[in-house]
Amino acid sequence: MATFAVTAAVVLCLVPAAAAQKRGGIKVPVTYYKLGNGLKVVLSPEHSAPLVTVAVYYNIGFRIEPRDRTGFAHLFEHLMFQGSKNLGKMEFIRLVESNGGVLNGSTRFDFTNYFAVVPAHKTETLLWAEADRMKGLDITQENLTNQQGVVSNEVKVNVLNQPYGSFPWIDLPMAAFTNWYNAHNFYGDLKDLDAATLDDAKAFAAKYYQPQNAVLVVAGDFDEKATKGWVDKYFAKIPSQKPEPLPELTEPRQEKEKTVTRTDALAKKPAIGFGYQMPKRGTPEYYAMGLLDQILLQGEDSMLFQELVKNKTYTSGLSGGINGYLGNMFNYNGPMLFSVDLIHDEKYTPEEILAAADKVIAQVQDKAVDQKTIERAIVKLRSGLYDTMTQFGGFGRADLLASFALFDDKPDNINQIEANFKKVTPAMIQKTAKEYLRKTNRTVVILDVEKSATAE
């Protein structure tokens with residue numbers, strides 16, 4: 001097992017705020033470099049409040065967890081709170097909370113993240129704690145067995161014993177994709193969770209939970225020189241190895257509409273969800289789909305809301321979007337869906353709901369939208385983006401920086417977001433709608449209710 005130098009040999013990519021200001025739009029200061037062991041580091045000062053967000057993202061999401069170990073990435077996320085070399089079981093949580101901070105972790109399609117927001121003077125303490133569990137997680141049979149029970153109960157509570165539990169956030173990807181990595185039950189089958197072994201956990205940690213497979217983001221009210229010193233002090237000596245090659249994740253072009261129907265014994269009303277495979281991330285069509293999401297689905301002025309909710313009264317609201325159930329259109333890296341879903345009265349059929357949606361979508365396919373429509377979509381998108389960036393004490397900004405560092409090796413892409421959307425033309429919107437919102441690129445999940453449920 002090859003290891004790499006542990007000295008903090010640094011590759012620098014400094015992006016002063018002044019340079020970003022010349023481009024207009026979002027202006028986030030970004031300092032980006034890599035330690036000698038491969039750890040990507042992003043520093044982004046913001047001094048409006050005395051808070052600091054420290055986030056560590058590992059390039060292992062549930063999409064690429066081992067076969068026959070569905071749910072394992074999520075299970076391992078739980079193990080990260082069970083103790084490390086110098087912090088006992090649950091002491092990481094107590095350390096953050098006793099200092100007035102908040103924390104969380106999550107498992108997504110393409111990463112697992114851990115973050116905390118703490119008072120600024122506790123930045124060094126949090127960096128030490130994150131480094132401690134990166135270099136020495138306490139993986140024991142007792143901890144594994146305990147967390148297998150916790151995660152299995154979570155699946156039962158949130159999915160198996162919950163009305164609409166897997167609808168549509170698990171159902172749609174499983175029906176739409178053909179590649180196992182994109183199409184398996186990522187929350188986990190109970191038999192797979194039970195089958196996980198201590199050797200599985202240790203092998204998983206060695207492959208994925210190491211510096212070359214991670215990015216560290218520090219955002220907020222910190223001193224950059226001091227923080228660089230702490231990052232070097234606590235992270236630079238952590239051994240590393242070559243990251244595990246990613247499996248092939250591509251999907252074939254979808255040529256035929258797919259429809260899946262299932263019955264939910266706990267649901268009181270039927271529901272329908274439909275999703276279209278997205279263009280490749282970062283392409284002009286990808287940004288056009290971002291604006292189509294705003295035009296068609298986001299907000300009460302959107303075309304689908306006006307038709308399905310206001311005019312037809314099928315439902316009281318619509319959900320969905322691009323990566324709409326587990327993030328946003330910026331924090332994923334593989335195949336993805338643009339999805340729409342609604343719970344509706346039983347007197348309406350899936351066929352008439354889809355027909356109404358098709359008429360709306362045909363409007364953007366048959367005729368180019370005008371420039372005012374695009375400008376309004378950009379205003380909505382900017383509003384959502386600024387809201388995201390300020391969420392949870394600045395965690396949203398750290399999330400974007402981490403995603404761009406992890407997937408593109410370029411966290412400064414956060415400052416290009418608005419410019420990329422402003423390049424989208426009416427013709428590109430129409431071309432993208434014709435190719436990606438065609439019915440043959442669509443997967444439909446119909447959720448029926450049991451007759452006993454509707455009779456109540």
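Just so it is clear, the model here is predicted, and its values are computed rather than measured.

Undergrad: Break down the pattern of salt bridges for me, citing the residues and quoting the values.
TA: If you walk through the whole model with that rule in mind, you get 21 salt bridges. The salt bridge partner of Arg-133 is Glu-130, with a shortest N-O separation of 2.9 Å. Of the two residues, Arg-133 and Glu-130 are both situated in helix α4 (residues 123-135); the distance of three residues between them amounts to about one turn of the helix. For the pair Arg-133 and Glu-130, a shared accessibility class is recorded, and that class is buried.

Undergrad: Which residues make up the nonpolar core, and what values do they have?
TA: The biggest cluster of nonpolar side chains holds 138 residues, and the ones touching the most others in it are Phe-76 and Phe-235. Top element by residues in this core is helix α15 (residues 395-408). It accounts for nine residues.

Undergrad: Which residues make up the packing of helix α11 (residues 284-296) against helix α17 (residues 426-436), and what values go with them?
TA: The interhelical angle for the contact between α11 and α17, taken along N-to-C directions, is 90°, at an axis separation of 9 Å. Taken together, α11 and α17 sit at an angle that is classed as roughly perpendicular. Here α11 contributes Pro-284, Glu-285, Ala-288, Met-289, Leu-291, Leu-292 and Ile-295 to the contact with α17, which in turn contributes Met-428, Ile-429, Lys-431, Thr-432, Ala-433 and Tyr-436. Per-class residue counts for the contact of α11 with α17 are 10 nonpolar, one polar and two charged.

Undergrad: Any chance you could break down α15 for me, citing the residues and the numbers?
TA: With 14 residues, α15 should cover 20 Å at 1.5 Å per step; its first-to-last C-alpha distance of 19 Å lies within 8% of that length. Most of α15 is tucked away, with 13 of its 14 residues classed as buried. Of the residues one or two after α15, Asp-409 is the one with positive phi, at around 55°.

Undergrad: Which residues make up unusual backbone geometry, and what values do they have?
TA: The omega torsion of the bond from Phe-167 to Pro-168 falls at -15°, within 30 degrees of zero and hence cis. Mapped onto the fold, Pro-168 is located in the loop between α5 (141-160) and α6 (171-176). Its identity as a non-glycine residue notwithstanding, Tyr-164 has a phi of 60°, on the positive side. In the Ramachandran plot, Asn-323 falls in the positive-phi region, its phi being about 55° despite a non-glycine side chain. Within the element layout of this structure, Asn-323 appears in the loop between β10 (319-322) and β11 (337-343). Residue classification places Asn-323 among the buried positions, given a relative accessible area of 4%.

Reading the values: rules and limits
Residues numbered from 1 in each chain as written. Predicted model: local features only at pLDDT ≥ 70, side-chain atom pairs only at ≥ 80, totals over all residues. Heavy atoms only, no water. Salt bridge = Lys/Arg side-chain N within 4 Å of Asp/Glu carboxyl O. Helix = DSSP H or I, 4+ residues; strand = E, 2+ residues; numbered from the N terminus. Buried < 20%, exposed > 50% of the residue type's maximum accessible area, 1.4 Å probe, protein only. Core = buried A, V, L, I, M, F, W, Y, C linked by side-chain atoms within 4.5 Å. Axes fitted to C-alpha atoms, helices over the stretch in contact; angles between N-to-C directions. Parallel < 35°, antiparallel > 145°, perpendicular 65-115°, else oblique. Contact = heavy atoms within 4.5 Å. Nonpolar A, V, L, I, M, F, W, Y, C, P; charged D, E, K, R; others polar. Expected span 1.5 Å × (residues − 1).

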